[in-house]
Amino acid sequence: MKITVKLFAYFRDNRFVAEVRDYLPETTPGDIIDELGIDRDEIGICMINSRHARFDTALQEHDILAIFPVIGGG
Amino acid sequence: MADKIFRVNMSDLTTSIEAVPEAWAGHGGRGLTSTIVAAEVEPTCHPLGPLNKLVFAPGLLSGTVAASSGRLSAGAKSPLTGGIKESNAGGTAAQYLARCGCKALIIEGQPADDKWYSVALTADSITVTEETELVGKGNYEVAKALSGRAEGKCAVITIGVAGEMKMMAANLSVMDPDGNLRSNGRGGLGAVMGAKKLKYITIDPGDNKIEVAKPEDFKTANRAFAKSLVNNPVSQTLATYGTNALVNVINEAGALPTKNFTLGQFDGHDKISGETMYDIIQERGGKPKHNCHAGCVIQCSQIYNDKDKNFKTAGFEYESIWAMGADCCVDNLDDIAEADYLMDDIGIDTIETSVAIGVAMEAGLLEFGDGPGACRLIRDEIGKGTPLGRIIGNGAGSVGAAFGITRVPVVKNQAIPAYDPRAVKGMAITYATTPMGGDHTAGYAVTANILGVGGNVDPLSKDGQIELSRNLQIATAAIDSTGMCLFVAFAALDDAECLPALIDLINARYGLSLTGDDVTNLGKSILKTERAFNQAAGLNNADDRLPEFFYSEPLPPHNTVVDFTPEEIDSFWNF
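Starting afresh in each chain, residues are numbered from 1 along the sequence in its written order. Key to labels: chains lettered from A, ligands numbered from 1, both in the order written. Per-residue local features of the predicted model are confined to residues with pLDDT of at least 70, and side-chain atom pairs are confined, for both listing and counting, to 80 or more; whole-chain, interface and lining totals are unaffected and use all residues.

Enquirer: Teacher, can you tell me more about the overall build of chain B here?
Expert: Helix numbering and strand numbering both begin at the N terminus, where a helix is a DSSP run of H or I of at least 4 residues and a strand a DSSP run of E of at least 2. On a plain count of helices and strands, chain B comes out with 23 helices and 17 strands. Summarising its shape, the C-alpha atoms of chain B cover approximately 60 × 50 × 50 Å along the three principal directions. Out of the 575 residues in chain B, the part that is buried amounts to 62%. Here, residues touch in the contact sense if the C-beta positions derived from the backbone fall within 7 Å of one another. Across chain B, the fraction of contacts at a sequence separation of at least 24, relative to all contacts at a separation of at least 6, is 72%. Buried residues are those with 20 or more other C-beta atoms within 10 Å of their own C-beta, exposed residues have 12 or fewer, and partly exposed residues lie in between; C-beta atoms are placed from the backbone.

Enquirer: Please clarify how the sheet that holds strand E4 (residues 51-52) of chain A should be interpreted in this entry.
Expert: The strands making up a sheet associate through backbone hydrogen bonding, with each pair oriented either parallel or antiparallel. Residues and elements named next belong to chain A. Strand pairing is defined by DSSP finding a minimum of two bridges between the two strands. Reading across the sheet, the 5 strands line up as E2-E1-E5-E3-E4 and stay open at both edges, with mixed pairing between neighbours. Only two strands of the sheet have a single neighbouring strand rather than two, namely strand E2 (18-22) and E4. Across 4 bridges, strand E1 (residues 2-7) lies against strand E5 (residues 64-69) in parallel orientation. Directly across from Lys6, in E5, lies its bridge partner Ala66.

Enquirer: Sorry, what's going on with the nonpolar core here?
Expert: One broad rule of soluble globular proteins: the nonpolar side chains tend to lie buried together. Formed by 206 residues in total, the largest nonpolar core has its most connected members in Leu97, Ala104, Ile250 and Leu505 of chain B. Ignoring any residue separated from it by four or fewer positions in sequence, one finds Leu97 of chain B in contact with Phe56, Pro58, Cys102, Leu105 and Ile203 of chain B. Note on terminology: a nonpolar core is any set of buried Ala, Val, Leu, Ile, Met, Phe, Trp, Tyr and Cys residues joined through C-beta atoms within 7 Å.

Enquirer: What exactly am I supposed to notice about the pairing of strand E6 (residues 102-108) of chain B here?
Expert: Residue and element names in this part refer to chain B. Most of E6 sits inside the fold, with 6 of its 7 residues counted as buried. Across 3 bridges, strand E3 (residues 54-58) lies against E6 in antiparallel orientation. Bridged to Val55 within E6 is Ile106.

Enquirer: Teacher, can you tell me more about the packing of helix H11 (residues 333-346) of chain B against helix H13 (residues 371-382) of chain B here?
Expert: A pair of packed helices can be characterised by two numbers: the angle between their axes and the separation between those axes. Residues and elements named next belong to chain B. Each axis is a line fitted through C-alpha atoms, and for a helix only the stretch in contact is used; angles between axes span 0 to 180 degrees, taken between their N-to-C directions. Across the interface, H11 lies against H13 with an axial gap of 9 Å and an inter-helix angle of 15°. The angle between H11 and H13 places the two elements in the roughly parallel class. Crossing angle aside, the handedness with which H11 passes H13 is left-handed. Where H11 approaches H13, its residues Asp335, Ile336, Glu338, Ala339, Leu342, Met343 and Ile346 are matched on the opposing element by Gly371, Pro372, Ala374, Cys375, Ile378, Arg379 and Ile382. Under the scheme applied, nonpolar residues are Ala, Val, Leu, Ile, Met, Phe, Trp, Tyr, Cys and Pro; charged residues are Asp, Glu, Lys and Arg; polar residues are all the others, including Gly. Looking at the contact of H11 with H13 residue by residue, the class counts come to 10 nonpolar, 1 polar and 3 charged. Convention used here: angles under 35 degrees read as roughly parallel, angles over 145 as roughly antiparallel, angles from 65 to 115 as roughly perpendicular, and any remaining angle as oblique. In this scheme, a crossing is called left-handed if the near helix is turned counterclockwise away from the far one by less than a right angle; it is called right-handed if the turn is clockwise.

Enquirer: Please explain the packing of helix H1 (residues 29-40) of chain B against helix H18 (residues 465-482) of chain B as it appears in this structure.
Expert: Residues and elements named next belong to chain B. Orientation of H1 relative to H18, taken along the N-to-C sense of each, is 95°, at an axis distance of 4 Å. By the criterion of interaxial angle, the relationship of H1 to H18 is roughly perpendicular. Taken together, the residues of H18 that come into contact with H1 (itself represented by Gly29, Arg30 and Gly31) are Ala477, Asp480, Ser481 and Thr482. Split by residue class, the contact of H1 with H18 holds 1 nonpolar, 4 polar and 2 charged.

Enquirer: Mind showing me how you'd approach the sheet that holds strand E2 (residues 14-19) of chain B here?
Expert: Residue and element names in this part refer to chain B. Taking strand neighbours across the sheet as the criterion, the 6 strands line up as E2-E1-E6-E3-E4-E5 in an open arrangement whose pairing is mixed. Looking at which strands have only one partner, the edges of the open sheet turn out to be E2 and strand E5 (84-89). For this sheet the average axis-to-axis angle between neighbouring strands, irrespective of direction, equals 15°. The pairing of strand E1 (residues 4-9) with E6 spans 6 bridges and is classified as parallel. Following the sheet pairing, Phe6 is matched in E6 by Leu105.

Enquirer: Quick question: what am I supposed to make of the interface of chain B and chain A here?
Expert: How big an interface is tends to be expressed through the accessible area that disappears when the partners come together. Each partner contributes to the interface: chain B provides 25 residues, whereas chain A provides 15 residues. Residue assignment for the side of chain B that touches chain A shows that the elements contributing at least two residues are helix H7 (233-241), helix H8 (246-252) and helix H17 (446-451) of chain B. Take the side of chain B that touches chain A: its biggest share by element is 5 residues, from H7 of chain B. Here the side of chain B that touches chain A is composed, by residue class, of 16 nonpolar, 7 polar and 2 charged.

Enquirer: Looking at this structure, I do not really get the environment of Val128 of chain B. What am I missing?
Expert: Residue and element names in this part refer to chain B. Secondary-structure assignment places Val128 in strand E8 (residues 125-131). Here Val128 falls in the partly exposed class, since 19 other C-beta atoms lie within 10 Å of it. Along the sequence, Val128 and Leu198 sit 70 residues apart, while their C-alpha atoms lie 9.3 Å from each other. Those residues in contact with Val128 that lie beyond four places of it in its chain are Val8, Leu13, Thr15, Tyr117 and Val119.

Enquirer: When you look at helix H12 (residues 350-362) of chain B in this model, what are you seeing that I'm missing?
Expert: At 3.6 residues per turn, the α-helix brings residues three or four places apart onto the same side. All names here are of chain B. Given the number of residues in a helix, its expected span is that number minus one, multiplied by 1.5 Å. Here H12 spans 18 Å end to end across 13 residues, near enough to the 18 Å set by a 1.5 Å rise per residue. Within H12, 13 of the 13 residues are buried, which leaves it mostly tucked inside the rest of the structure. One or two residues past the end of H12 sits Gly364, with phi positive at roughly 90°.

Enquirer: Looking at this structure, I do not really get the confidence of the model for chain B. What am I missing?
Expert: Should the pLDDT be low somewhere, the predicted coordinates at that spot are not to be read in detail. Residue-level confidence of the predictor is summarised by pLDDT, bounded by 0 at the bottom and 100 at the top. Of the residues in chain B, 99% have a pLDDT of 70 or more, and the chain-wide mean is 97. Our summary of model confidence lists the complex with pTM equal to 0.98 and ipTM equal to 0.98.

Enquirer: Just to check I follow, could you spell out unusual backbone geometry for this structure?
Expert: Leaving glycine out, the prevailing phi sign among residues is negative, and the prevailing peptide bond configuration is trans. Each neighbour pair has its own omega, and for Pro556 of chain B with Pro557 of chain B the value is 5°, a cis peptide bond. Here Pro557 of chain B shows up in the loop between helix H22 (549-552) and helix H23 (566-570). Positive phi outside glycine occurs at His62 of chain A, with the angle close to 70°. Structurally, His62 of chain A can be placed in the loop between E4 and E5. The phi torsion at Asn413 of chain B lies on the positive side, around 70°, for a residue other than glycine. Along the polypeptide, Asn413 of chain B turns up in the loop between strand E16 (410-411) and strand E17 (414-415). Asn413 of chain B gets classed as buried once you count the C-beta atoms within 10 Å, which come to 26.

Take a look at the structure:
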């Protein structure tokens, strides 16, 4: 299935900004984070289709997955 | 040396240095400015008349070596909201005031003549002098001229031409260690200073230092506190991308107010993001990381250079970039930087002014996305005080009224910042209830709603939001009293070592034995003092509401509205 993966802040370094990538059914955000070599402890926010998601949520065809490190501001 | 209250009466140009009343002794920063305004300002007075007072107070820890403790609180009755106002800023002034032994500086009265004045404060003197040369000048020129005049280093608080013209969005500018500007941005405090005919204040502490009651305990506590801040991952992204790291997060969450609050996502988000800003700063030899006051270990400020690698602006914040960017649909970071520079120099709040321009764009005054046009409005209309410039310079509510626009994102007439309350519902409660009017810093529910800091609360649901906003507003009122930057809260919310170390710092500074409960009670009492002032000024719970369109116009992409009942909003005050 096709998933759009978007990376932010320093997660983009030596990776990519956004890509449509092919995954097997039942793939989770946690699987993709591991595949990208990102330490799960560094994840601040993970969103599927602009809603906060857990690492073990099953992704669906054409979902948009956004992965951010721990971020603040204001 | 005991701390003193420094007072200036602008009606007869007299000054005094007074003992600190016992009731004020335990206060600093926001707690002190609000306590003094509540005690000495007639709540029904005209904010620009002789009965209003402008109060400055360094925080309880300002002037010490405690990490990130250099925030300056300024307070008065706000001309914009008609209620009490506290707005805080970095820069050097808080640390120098504290080192002068100045617990608070109170500016009262109003000159009968048309002359302009300056105030000079040292550890044992405060004088008023007529000023002619710098009247009508921009903040950058004032800061530069005063740095040249002083023998040693001095701190400067100044107003630009917007403050001189008493525009309700006018801010106070505080010089930072590099001669750049930080702002007490919100609520029109620059207009209050302009109404007092006071162009600038200089503060020179000489060699004076703070005496700490228990130096060893202080050192130990500061080590633990600084470690907690430095090790916090939020501090690390702040030092790289600045607060502007938020553009892409808030956009992704569908909560980035766009095109005068009609959309929750902006197509040009990546062009104005913290990631893009970092690349531009590096490419042009700017500084991605910079401290707004000496001793800050977070360093979220930055120096942004233009295409020719010359200085353009400093302290280029998320809210400023959002307001001129997404809210006005301007996707060119250089146009936004130019607008930011102009607003800093004219001395006008970037949030209020840019939101006002967004409303003006909806009114057809210029096209959404017209960055150069927005800069022209700021420079040639606001900066020159034309009738149109004054309409915009009086804020978003003023523009809405002048052009018959009903989608005007304000609470208590103050512009709502960069988090749409339909998609970050914790912020709906904060905007509605804070005594400050539309203000994100008062109770930053974005933490648990979006950022996953201090827990997780669904941003699109009402559940848990009132309690979240209440707890954050109480904690914020207390932190704003310490002189600490509010960003210490990111560490305090998730690191159990942080808050106890902060309380240890206060105890060691003053020889006290405060507990966490004392700090919570301080926050509660500040909020209640501020609310009582507002009620006496004529604001009531009908003013604790959001504009109608937030309840009736669903915000894409989530298509949610604000759905708190009036009773639910009012229950915020049950503490």
